[in-house]
Amino acid sequence: MRWNVLKTAVCLGTGLILYYIKYGYLAIAYIKKRCGGPTCRCSLKLDNKFVIVTGGTSGLGLVVTEKLAYRGASIIFTARNLDEGLAIQECLRAKTKNPNIFCKHLDLNNFASIHNFVSDVNQLCSKVDLLINNAGVFFYPPKETVDKYDVTFQTNYLGHFLLTELLVPKLADKSRVIFVSSAAHSLTKSLDLSTVFVVDEGAQGISARFQNYANSKLCLLLYSKNFAQRFKERGVNVYSVDPGSVETPMYRHFPFLTNPILKAIQKPIRFIVVRSPIQGAQTILHCALSPNLSSETGLYYADLVAKASSDLSQDVQLSSQLYDHSRIWAGLSQSEVLA
Ligand SMILES: NC(=O)c1ccc[n+]([C@@H]2O[C@H](COP(=O)([O-])OP(=O)(O)OC[C@H]3O[C@@H](n4cnc5c(N)ncnc54)[C@H](OP(=O)(O)O)[C@@H]3O)[C@@H](O)[C@H]2O)c1
């Protein structure tokens, strides 16, 4: 009798455990899929199209370069360490069977390097069909670049501003320019153009570094809207993209993820809710490829659809003031400013 009770209890217990494992697994798989976001289904081929991707050595930039190479595009991706970049170039050529992948040196923290890169582009191609301003840093300690701006500000915003302006003559009619933005832009509630570029070496705290990143991404978004308006008539389409939270080396300066214990604690939850680079790249690919977006410009996209960005990012006057300041900060002469 006792033996039968025990057997029944064990059977019930095992059944219950299997039930929880099965439904727990299904629930985790479901949440992970939802957090991963939608997939770009565009089938467009890019033969005879010329693409530039900044920061193609890791994370989102590497995935986007590879995916576009499979579609037949000629691609220049950038690296700060050219040896490393050339090794990646060879891997990508072999993997995608696309010989037209070129790595060129670009350090956005150095205006001279940006000018040199544009000369390289001029030599390699007669037009650019797609410019993806992807490179960026997060939570970088306050530090001055050779051009005397804050590293986060110059890498994420000012360097891309200069690069994009210098590439204007190369942009083909019906070309696309994509700015990789971030939902963090909405953390900035007011922007002071007299201080935003200044390095405050005392601002080492968590909120100051977040603020720095948010400011740089807000500037990028404001600039994207200004750029979209200026080149609308020429048929240049502009898109800003929030890729979501993506597991990439971008978090290398973020103390909650550089500390091995904190990292280990967060690993299971990050595995479920944080996107892989392939998942994070989907909206960038969608904005690069989708024929449905060809009549849209200056909008902000997440999960493949246009979304409202912060009120401040839509301030037309601020956007125009930022543009005027940026020309001076980046040392752009009047003849280099085309429209
Ligand atoms: N990961 C996320 O959760 C997330 C979320 C929202 C937005 N984003 C944005 O997505 C973009 C790509 O980030 P990721 O996550 O793919 O990070 P990542 O793996 O760290 O890639 C960043 C890329 O930018 C390049 N880069 C950094 N500083 C540079 C400079 N001064 N000049 C030229 N290139 C430079 C890096 O090249 P090196 O190899 O030379 O360092 C690297 O190729 C960034 O703009 C980031 O703000 C990411």
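Worth saying up front: this structure is predicted, and the values here are computed from it rather than measured. (Residues numbered from 1 in each chain as written. Predicted model: local features only at pLDDT ≥ 70, side-chain atom pairs only at ≥ 80, totals over all residues. Heavy atoms only, no water.)

**Student:** Which parts of the structure should I look at to understand the overall build of the protein chain?
**Tutor:** What the protein chain contains, in helices and strands, is 11 helices and 8 strands. For the protein chain, the C-alpha atoms occupy an extent of roughly 95 × 50 × 40 Å along the three principal directions. Out of the 339 residues belonging to the protein chain, those deemed buried represent 49%. As presented, the protein chain carries roughly 16600 Å² of accessible surface, and 59% of it is formed by carbon and sulfur atoms. (Helix = DSSP H or I, 4+ residues; strand = E, 2+ residues; numbered from the N terminus. Buried < 20%, exposed > 50% of the residue type's maximum accessible area, 1.4 Å probe, protein only. Areas by Shrake-Rupley, 256 points an atom, 1.4 Å probe, with all protein chains shown as cover.)

**Student:** Would you explain the nonpolar core in this entry?
**Tutor:** Nonpolar side chains tend to gather and get buried jointly when the protein is soluble and globular. Counting 47 residues, the largest nonpolar core has Tyr157, Leu158, Phe227 and Trp329 as its most contacted members. Elements supplying a minimum of two residues to this core: strand E1 (50–53), helix H4 (111–124), strand E4 (128–133), helix H5 (151–167), strand E5 (171–180), helix H6 (206–231) and helix H11 (316–329). Ranked by size, the runner-up nonpolar core spans 33 residues in total, among them Cys42, Val63, Val64 and Ile101. (Core = buried A, V, L, I, M, F, W, Y, C linked by side-chain atoms within 4.5 Å.)

**Student:** Is there a simple way to think about the site of the ligand in this case?
**Tutor:** Near the ligand you find 30 residues, and of these Thr57, Ser58, Arg80, Thr248 and Tyr251 are the closest. The contact in question runs from an oxygen atom of the ligand to an N or O atom on the backbone of Gly59, over 3.4 Å. A distance of 3.3 Å separates an oxygen atom of the ligand from a polar atom in the backbone of Gly136. In the complex, 95% of the free accessible area of the ligand, which totals 890 Å², lies under the protein chains. Put simply, the parts of the chain that give the shell around the ligand at least two residues each are helix H2 (59–70) and H6. Classifying every residue of the shell around the ligand gives 12 nonpolar, 14 polar and 4 charged. (Near = heavy atom within 4 Å. Polar contact = N/O pair within 3.5 Å; in protein donor to acceptor, adjacent residues only side chain to side chain. Nonpolar A, V, L, I, M, F, W, Y, C, P; charged D, E, K, R; others polar.)

**Student:** Would you mind going over the packing of aromatic side chains with me for this structure?
**Tutor:** Each aromatic ring pair is specified by the distance between its two centres and by the angle formed by the two planes. Across all of its chains, the model carries 23 aromatic pairs by this definition. The interplanar angle of 80° and the centroid separation of 5.0 Å between the aromatic rings of Phe139 and Phe254 together place this pair among those described as edge-to-face. Taken as a pair, Phe139 in the loop between E4 and H5 and Phe254 in the loop between strand E6 (237–242) and helix H7 (255–258) lie far apart in primary sequence, 115 residues in all. On the basis of relative accessible area, Phe139 is assigned to the buried category, the value being 2%. Accessibility expressed as a relative area gives 12% for Phe254, which makes it buried. (Phe/Tyr/Trp six-rings, centres within 6.5 Å; stacked < 30°, edge-to-face > 60°.)

**Student:** I'm lost on the pattern of salt bridges in this one. Help?
**Tutor:** A pair can form between side chains of opposite charge whenever their charged atoms are brought close. The final tally for this structure, using the stated rule, is 10 salt bridges. Close ionic contact of Asp303 with Arg275 constitutes a salt bridge, the shortest N to O distance being 2.7 Å. Taken together, the residues Asp303 in the loop between strand E7 (299–302) and strand E8 (305–307) and Arg275 in the loop between helix H8 (260–273) and helix H9 (277–280) connect sequence positions 28 residues apart. Relative accessible area serves as the criterion here: at 27%, Asp303 is assigned to the partly exposed category. (Salt bridge = Lys/Arg side-chain N within 4 Å of Asp/Glu carboxyl O.)

**Student:** Would you take a moment to explain the side chain of Arg71 for this structure?
**Tutor:** Tracing the sequence through the fold places Arg71 in the loop between H2 and strand E2 (74–79). For the buried Arg71, no salt bridge is present, and the opposite-charge side chain at shortest range is Asp47, 10 Å distant. Of the polar contacts made by the side chain of Arg71, one reaches the backbone oxygen of Cys42; its length is 2.9 Å. Excluding its chain neighbours within four sequence positions, the residues that come into contact with Arg71 are Cys42, Ser43, Leu44, Lys45, Leu46, Asp47 and Leu289. (Lys, Arg positive; Asp, Glu negative; His and termini not counted. Contact = heavy atoms within 4.5 Å.)

**Student:** What exactly am I supposed to notice about the packing of helix H1 (residues 2–36) against H8 here?
**Tutor:** For any two helices packed against each other, one specifies the inter-axial angle together with the distance between the axes. Look at H1 against H8: their axes get within 7 Å of each other, and the N-to-C directions meet at 65°. On H8, the residues touching Ile28, Ile31, Lys32 and Cys35 of H1 are Phe271, Ile272 and Val273. Tallied by class, residues from the contact of H1 with H8 come to 6 nonpolar, no polar and 1 charged. (Axes fitted to C-alpha atoms, helices over the stretch in contact; angles between N-to-C directions.)

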